[in-house]
Amino acid sequence: NEISQITSSRPGKCINVLSSIFEELKTSKTKKVFEDVLNSRTDTKLTDRNLMLATQFFTDDYMVNWLLNSSFEYFLSTRKKLARNITVIDPACGGGNMLVLALEYLDKKYRKSSKSFSLAEAAVENLVGYDVDPLMCELALMNIYLYLESSDERVAIDQLKINCYEDRKYGI
């Protein structure tokens, strides 16, 4: 299956470096949040940033692979070929792992077969992400932007469609 081949060919099978770094950085803070709750003598309710830290995680590579493969296979089974105008929507995009992998899939599928294919255009026209955490929205934007840069494609970061449900800023 094509998505698994893409991720297995990467060093360390890591979909995106910034999400992995963020996950490592937040581990000790998340651990402290849980220790504080467990050591509390009263009912402790997680609020604000602690709630985000305790409940936020990145989807594992195998699940991203399965979701995208299932979606693309279904799409292809109902049509003769993968349409260039397919829209990939991630309603909880986090660091953008699924969006980056979908972009990589579209790149692999179309770059060889079409001289007019633009990865930057695909990122702007075919990817939509949402998240409740503004920090994650920024991380998704950076990951997509870095993927485009590594492919020698350019796009203004404000053209990418990553939307934040929440307007409060949380600090880690």
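Here, every reference points to the structure presented above.
Residues numbered from 1 in each chain as written. Predicted model: local features only at pLDDT ≥ 70, side-chain atom pairs only at ≥ 80, totals over all residues. Heavy atoms only, no water.

Break down the packing of aromatic side chains for me, citing the residues and quoting the values.
In this structure the tally under the stated criterion is 1 aromatic pair. On the numbers, 4.2 Å between centres and 10° between planes, the contact of Phe-72 with Tyr-105 is stacked. Here Tyr-105 lies in helix 5 (residues 97-110) and Phe-72 lies in helix 4 (residues 61-78), a separation of 33 residues in the sequence. Given the relative accessible area of 4%, Phe-72 is considered buried. (Phe/Tyr/Trp six-rings, centres within 6.5 Å; stacked < 30°, edge-to-face > 60°. Helix = DSSP H or I, 4+ residues; strand = E, 2+ residues; numbered from the N terminus. Buried < 20%, exposed > 50% of the residue type's maximum accessible area, 1.4 Å probe, protein only.)

Residues and numbers for helix 4, please.
Its 18 residues give helix 4 an end-to-end C-alpha distance of 26 Å, which sits within 8% of 26 Å, the value for a rise of 1.5 Å per residue. Looking at helix 4, one finds that the buried residues are Val-64, Asn-65, Leu-68, Asn-69, Phe-72 and Phe-75. In a view along the axis of helix 4, the buried residues occupy a sector of 135°, so they form one face of it. Facing away from the buried side of helix 4 by over 90 degrees, the exposed positions are Tyr-62, Trp-66, Glu-73, Tyr-74 and Ser-77. (Expected span 1.5 Å × (residues − 1). Arc of directions from axis to C-beta.)

It is worth stressing that arrangement in space is one thing and function is another; only the former is reported here.
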